[in-house]
Amino acid sequence: MRDASLKTAPRPLDRKSGCSTWNIFTKNGRPTLTDRPGSPFLVTRHRVGEDRPGALRLRVVQLTDLHLHPGYPPQKLARLAQLVNAQQPDLIVFTGDFLRHASPHPLPPGVLGILSGIKARYGRYAVRGNHDLRGWPSQTACCLKRAGFTLLRNQQAAVPLPGGRRLVLAGLDDGVYHLADPRTVRALKKERGFRLVLAHEPMLARLVPPGAAELVLAGHTHAGQLRWLFAQNFWMPTLAGRCTHGWYAVNGNPLYVSAGLGESGIGLRILCPAELPVFDCWLK
């Protein structure tokens, strides 16, 4: 899939779509940290659907592009785990690039134990990104399993919710390596419940049929990672398309592209904070 295949440009969502967003890391126009001093993570909060009488709130926390490596500081990951648990998530999803690159070298001691301490009422699910498939792909699956995540490789998972409601997860495998299977999402329109699609690359949202998902989550772009003056998106990876960061509508489905939690390449972010998105999804 290439960007040239876009028939229409994805458009940002407006208030009429039923999705909204606000940042809790701005106060009186000044940026503030959501964790204790020294935290590199900023939380953004979003609403999907309407908070009406009798509606059920499903809180989803998205992790993406962590890019763990043998030199990753465990104390930084511990701060992230505390911040995630403080959100009291119902569901945790990971949208790819768990590792900087899959290799036989071990991660720092305790890293997977820290991640396994992240709690969610209805479970933790993940898909793979392009960095997870470099070198030793089996290591990513092993690490995710040890950290307590269920890996979806072109698979669906149904989660029963209170009041007879139902959550349907569809996880697309990586698109850079041409592993994403459109059949994973084609049948979603017939599924009953809240339909959540996980993908690493934003342009995989083009595979989701119109009206087949209440929410599509992706990462991959790092929101540019390096921003300086007017050079906001001078670097973008393949399959990012025009969906660089934030809300978009692709095939009529709401897509959110996270800025991610880690770095690749030079391992530096400039004027582009690492993001922890939290979604309050209201189910009828």
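Further up the page is the structure itself.
In this text the structure is predicted, and so the values were computed from the model without any measurement.

A. Examining the packing of aromatic side chains more closely. Applying the stated rule across the entire model yields 5 aromatic pairs. Pairing Phe 94 with Phe 98 gives two aromatic rings, centres 5.5 Å apart and planes at 70°, and the pair type is edge-to-face. Judged by relative accessible area, which is 1%, Phe 98 ranks as buried. Ring geometry for Trp 247 and Phe 279: centres 6.0 Å apart, planes at 85°, overall edge-to-face. Linking Trp 247 in strand β13 (residues 246–250) with Phe 279 in strand β15 (residues 274–283), this pair joins segments that are 32 residues apart in sequence. With respect to burial, Trp 247 and Phe 279 carry one shared label: buried. Put simply, the rings of Phe 94, Phe 98 and Phe 149 pair up and form one aromatic cluster. A cation over an aromatic ring shows up here: Arg 124 above the ring of Phe 149, its NZ or CZ 5.7 Å from the ring centre.

B. Inspection of the sheet that holds strand β14 (residues 253–257) at higher detail. Within the open sheet, the 6 strands sit side by side as β9-β10-β11-β12-β14-β13. Their pairing is mixed. Edge positions in the sheet fall to β9 (155–160) and β13, since each has one partner strand and no second. Neighbour-to-neighbour, the strand axes of the sheet open up by a mean angle of 20°, direction not taken into account. The pairing of β9 with strand β10 (residues 166–171) spans 6 bridges and is classified as antiparallel. Of the residues in β10, the one forming a bridge with Gln 156 is Ala 170.

C. Focus on a nonpolar patch on the surface. Together, Leu 268, Ile 270 and Leu 271 make up a nonpolar patch on the protein surface, roughly 260 Å² of accessible area in all. Along the chain, Ile 270 turns up in the loop between β14 and β15.

D. Structural detail: the layout of surface pockets. When its volume is computed, the largest pocket comes out at roughly 450 Å³. Lining of the largest pocket is provided by 21 residues; of these, Phe 194, Glu 214, Trp 282, Leu 283 and Lys 284 occupy positions nearest its centre. Secondary-structure elements contributing two or more residues to the lining of the largest pocket are β11 (194–198) and β15.

E. Examining the pairing of β15 more closely. Burial runs high along β15: 10 of the 10 residues are buried. Burial along β15 is two-sided: Ala 274, Leu 276, Val 278, Asp 280 and Trp 282 and Glu 275, Pro 277, Phe 279, Cys 281 and Leu 283, pointing in opposite directions, are all buried. In this structure, strand β4 (residues 41–48) lies alongside β15, joined through 8 bridges in parallel fashion. If you follow Arg 45 over to β15, its bridge partner there is Val 278. Alignment of strand β5 (residues 56–63) against β15, held across 6 bridges, turns out to be antiparallel. From the neighbouring strand, Val 60 faces β15, where its bridge partner is Phe 279.

F. The side chain of Asp 90, seen in detail. Mapped onto the elements of the fold, Asp 90 is located in the loop between α1 (74–86) and β6 (91–95). Looking at Asp 90, its side chain comes within polar contact range of the main-chain nitrogen of Arg 59, at 2.7 Å.

Definitions and cut-offs
- Residues numbered from 1 in each chain as written.
- Predicted model: local features only at pLDDT ≥ 70, side-chain atom pairs only at ≥ 80, totals over all residues.
- Heavy atoms only, no water.
- Phe/Tyr/Trp six-rings, centres within 6.5 Å; stacked < 30°, edge-to-face > 60°.
- Buried < 20%, exposed > 50% of the residue type's maximum accessible area, 1.4 Å probe, protein only.
- Helix = DSSP H or I, 4+ residues; strand = E, 2+ residues; numbered from the N terminus.
- Lys NZ or Arg CZ within 6 Å of the ring centre and 35° of its normal.
- Pairing = 2+ DSSP bridges.
- Axes fitted to C-alpha atoms, helices over the stretch in contact; angles between N-to-C directions.
- Patch = residues over 30% accessible without salt bridge, like charges linked within 9 Å, V, L, I, M, F, W, Y side chains within 5 Å.
- Areas by Shrake-Rupley, 256 points an atom, 1.4 Å probe, with all protein chains shown as cover.
- Salt bridge = Lys/Arg side-chain N within 4 Å of Asp/Glu carboxyl O.
- 1 Å grid on protein atoms, 1.4 Å probe; cavity = no way out; pocket = protein on both sides within 12 Å on 5 of 7 lines; lining within 4 Å.
- Points joined across faces, edges and corners; volume = space filled by probe spheres on them.
- Polar contact = N/O pair within 3.5 Å; in protein donor to acceptor, adjacent residues only side chain to side chain.

Everything listed here is a matter of coordinates, which is why it stays silent on function.
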